[in-house]
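# Survey of secondary and tertiary structure
Next come the chains, spelled out residue by residue.
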Amino acid sequence: MEDEIKHGNVTHVPNKGSPESPHVACSDSNHNNNNSNNKEQDRFLPIANVSRILKKVIPSNGKISKDAKETIQECVSEFISFVTGEASDKCQREKRKTINGDDIIWAITTLGFEEYVGPLKLYLSKYREMEGEKLIFPKQQRSDQRRQHSEYEQNIVFNNNNNININTNSNNDVYSSINVYPSFVPSDQPFSLPFSSNSFQKQL
Amino acid sequence: MRQAGTYSGILSGGISGKTGPHLLPLARIKKIMKKSGEDVKMISGESPIVFSKACELFIKELTQRSWMVTMQGKRRTLNKEDVASAVMATDLFDFLVNLVSESGNSGEAPPPLELDTFASS
């Protein structure tokens with residue numbers, strides 16, 4: 001398996017000639033590199049994104065080898081699986097069907113990554129506030145249209161951001177499990193967000 | 001497109017303080033989550049968001065620890081063995097031990113020194 005892993009790059013695996021592929025769903029040149037390669041790429045986060053993040057924590061004169069990036073890429077996927085497994089077990093024990101953000105945070109804590117929890121909770125609460133606020137572009141209309149559009153926007157957001165259906169059976173169930181907090185954000189925010197704090201103060 | 005305009009307009013420079021709303025693609029995160037087990041059926045919309053941040057923190061921590069190994073070796077290129085060493089040296093990353101061992105033992109690097117030293121003492 002490891003020999004065949006290619007991380008987000010067009011590969012040079014021998015049997016990837018397009019006419020010889022047993023079945024190719026897409027005729028896109030990337031997807032012509034046989035199906036197993038496609039699946040391998042899907043197992044990992046894009047290496048470019050991973051690279052961008054890890055470059056932030058090494059000095060500017062530092063370099064990272066390609067195999068190190070790939071290893072980190074694999075580790076991240078393992079991390080996601082590991083945490084998701086814990087969160088999924090918890091949901092099963094509690095007879096819930098949907099893994100939500102709090103389950104993830106719980107699993108992360110349980111597995112020893114407590115340091116992440118603070119920033120994550122902050123991030124999640126910011127996201128929930130944004131979800132309630134971000135919907136309509138014109139700020140003046142935001143208070144009027146916010147209630148009307150909150151549900152509509154939920155579907156829009158997650159349909160556009162997420163091209164792949166989370167659950168083919170009942171998308172609405174998934175979307176309705178999201179909690180939107182329509183309340184105004186207080187002006188004293190933990191983050192300094194120059195643009196948004198200005199806009200919020202106009203609201204208030 | 002409309003979502004990209006409003007969403008990134010509000011979040012750029014905001015939550016993550018970086019370019020764009022999220023550093024990692026949500027759809028891919030969801031795929032990986034679903035592959036983690038058959039029991040994983042329904043995932044709330046905010047789960048990939050949380051993971052996006054969690055993975056960012058994870059990548060940063062793993063890289064920082066690996067980079068420390070690189071510096072100890074007085075090198076400036078972080079390589080795979082440094083990552084493996086960092087994993088071995090960190091209890092938190094125990095779940096990665098098999099992963100980096102498989103990668104590392106494809107005939108190249110010997111097992112990390114910490115384990116050998118520990119075992120012999």
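As the structure is a prediction and not an experimental result, all values here were calculated from the model. Sequence order as written defines the numbering, with residues in each chain counted from 1. Whichever chain is written first becomes A and whichever ligand is written first becomes 1, with later ones labelled in order. Local features in this predicted model are restricted to residues whose pLDDT is 70 or higher, and side-chain atom pairs enter the listing and the counts only when it is 80 or higher, whereas totals over whole chains, interfaces and linings include all residues. Hydrogens and waters are ignored; side-chain quantities use all the structure's heavy atoms.

### Here's the deal with the overall build of chain B
Counting its regular elements, chain B contains 6 helices and 2 strands. A run of H or I in DSSP counts as a helix once it spans at least four residues, and a run of E counts as a strand once it spans at least two, with each numbered from the N terminus. When the helices and strands of chain B are placed in sequence order, the string is α-α-β-α-β-α-α-α. Burial status follows relative accessibility: with a 1.4 Å probe on protein chains alone, a residue under 20% of its type maximum counts as buried, one over 50% as exposed, and anything between as partly exposed. Sorting the 121 residues of chain B into buried and exposed places 52% on the buried side. We call two residues in contact whenever any of their non-hydrogen atoms come within 4.5 Å of each other. Of the contacts formed within chain B by residues at least 6 apart in sequence, a portion of 34% connects residues at least 24 apart. Each accessible area value is a Shrake-Rupley result obtained with a 1.4 Å probe; residue values ignore everything except the protein chains displayed when judging cover. Just so you have it, chain B exposes about 5,600 Å², and 56% of that area is on carbon and sulfur atoms.

### Comments concerning the overall build of chain A
Helix and strand counts for chain A come out as 9 helices and 2 strands. Along chain A, from the amino end to the carboxyl end, the secondary structure elements read α-α-α-β-α-β-α-α-α-α-α. Relative to its 204 residues, chain A shows a buried fraction of 45%. Taking the contacts inside chain A whose residues are at least 6 apart along the sequence as the reference set, 45% of them involve residues at least 24 apart. Here chain A has roughly 10,900 Å² of accessible surface; of this, 48% comes from carbon and sulfur atoms.

### Here we look at the packing of aromatic side chains
Two aromatic rings from Phe, Tyr or Trp, using only the six-membered ring of Trp, form a pair when their centres are within 6.5 Å; if the ring planes differ by under 30 degrees the pair is stacked, by over 60 it is edge-to-face, and anything between is tilted. Scanning the entire structure with this criterion turns up 11 aromatic pairs over all chains. Here Phe79 of chain A and Phe113 of chain A contribute two aromatic rings whose centre-to-centre distance is 5.1 Å and whose plane-to-plane angle is 75°, an arrangement assigned as edge-to-face. In this pair, Phe79 of chain A is assigned in helix H4 (residues 66-93) and Phe113 of chain A in the loop between helix H5 (101-110) and helix H6 (114-133), connecting sequence segments 34 residues apart. Classification of Phe79 of chain A by relative accessible area gives buried; the value is 0%. Taken together, Phe79, Phe82, Phe113 and Tyr116 of chain A together with Phe51, Phe58, Phe93 and Phe95 of chain B form an aromatic cluster joined through their ring pairs. Whether a charge sits over a ring comes down to the Lys NZ or Arg CZ being within 6 Å of the ring centre and within 35 degrees of the ring normal. Lying across the ring of Trp106 of chain A, Lys90 of chain A places its NZ or CZ 5.2 Å from the centre.

### Here we look at the side chain of Thr84 of chain A
In this structure, Thr84 of chain A sits in helix H4. Two N or O atoms count as a polar contact when they lie within 3.5 Å, although within protein this holds only if one can serve as hydrogen donor and the other as acceptor, and sequence-adjacent residues are included solely when both atoms are side-chain atoms. Side-chain polar atoms of Thr84 of chain A contact the backbone oxygen of Ile80 of chain A, separated by 2.6 Å. If sequence neighbours within four positions are ignored, Thr84 of chain A has contacts with Ile99 of chain A together with Met33, Ser36, Val40 and Phe51 of chain B.

### Regarding the nonpolar core
Counting 57 residues, the largest nonpolar core has Phe79 and Ile108 of chain A together with Phe51 and Phe58 of chain B as its most contacted members. Residue assignment for this core shows that the elements contributing at least two residues are helix H3 (47-54), H4, H5 and H6 of chain A together with helix H2 (26-35), helix H3 (46-72), helix H4 (80-89) and helix H5 (97-104) of chain B. Those residues within four positions of Phe79 of chain A in sequence are excluded, and the remaining contacts are Ile108, Phe113 and Tyr116 of chain A together with Phe51, Ala54, Cys55, Phe58 and Phe95 of chain B. By nonpolar core is meant a set of buried Ala, Val, Leu, Ile, Met, Phe, Trp, Tyr and Cys residues that side-chain atoms within 4.5 Å join together.

### Notes on H3 of chain B
Residues and elements named next belong to chain B. To estimate how far a helix should reach, multiply one less than its number of residues by 1.5 Å. The terminal C-alpha atoms of H3, which comprises 27 residues, lie 39 Å apart, in line with the 39 Å expected from a rise of 1.5 Å per residue. Most of H3 sits out of view: 22 of its 27 residues are buried. Where H3 terminates, the next one or two residues include Lys74, which has phi positive at roughly 55°.

### Points about the environment of Leu99 of chain B
Mapping Leu99 of chain B onto the fold places it in helix H5. Through-space distance from the C-alpha of Leu99 of chain B to that of Val87 of chain B is 9.6 Å; in sequence the pair is 12 residues apart. Dropping the residues within four chain positions of it, Leu99 of chain B is found in contact with Glu74, Cys75 and Glu78 of chain A.

### Details of the confidence of the model for chain B
All names here are of chain B. pLDDT is a residue-level measure of predictor confidence that goes from 0 to 100. When pLDDT is averaged across chain B, the result is 77; 66% of the residues are at 70 or more. Note on residues 6-20: pLDDT is under 50 here. Beyond four places in sequence and across chains, it has 37 contacts. For this predicted complex, the interface confidence reaches an ipTM of 0.72, while the overall pTM sits at 0.60.

### Here we look at H4 of chain B
Counting buried residues along H4 of chain B, 8 of its 10 residues qualify, which places the element largely inside the surrounding structure. Buried within H4 of chain B we find Lys80, Asp82, Val83, Ala84, Ser85, Ala86, Val87 and Met88 of chain B.

### Examining the pattern of salt bridges
By definition here, a salt bridge exists when the distance from a side-chain nitrogen of Lys or Arg to a carboxyl oxygen of Asp or Glu is within 4 Å. Using the criterion set out here, one finds 13 salt bridges over all chains in the structure. A salt bridge links Arg128 of chain A to Asp102 of chain A, with the nearest nitrogen and oxygen atoms 3.7 Å apart. Residue Arg128 of chain A is located in helix H6, and its partner Asp102 of chain A is located in helix H5; the two are separated by 26 residues in the primary sequence. We classify Arg128 of chain A as buried; its relative accessible area is 11%. Where Glu46 of chain B meets Arg128 of chain A, a salt bridge forms, and the shortest distance between an N and an O atom there is 2.8 Å. Linking Glu46 of chain B in helix H3 with Arg128 of chain A in helix H6, this pair reaches from one chain into another. Each of the two residues, Glu46 of chain B as well as Arg128 of chain A, counts as buried.

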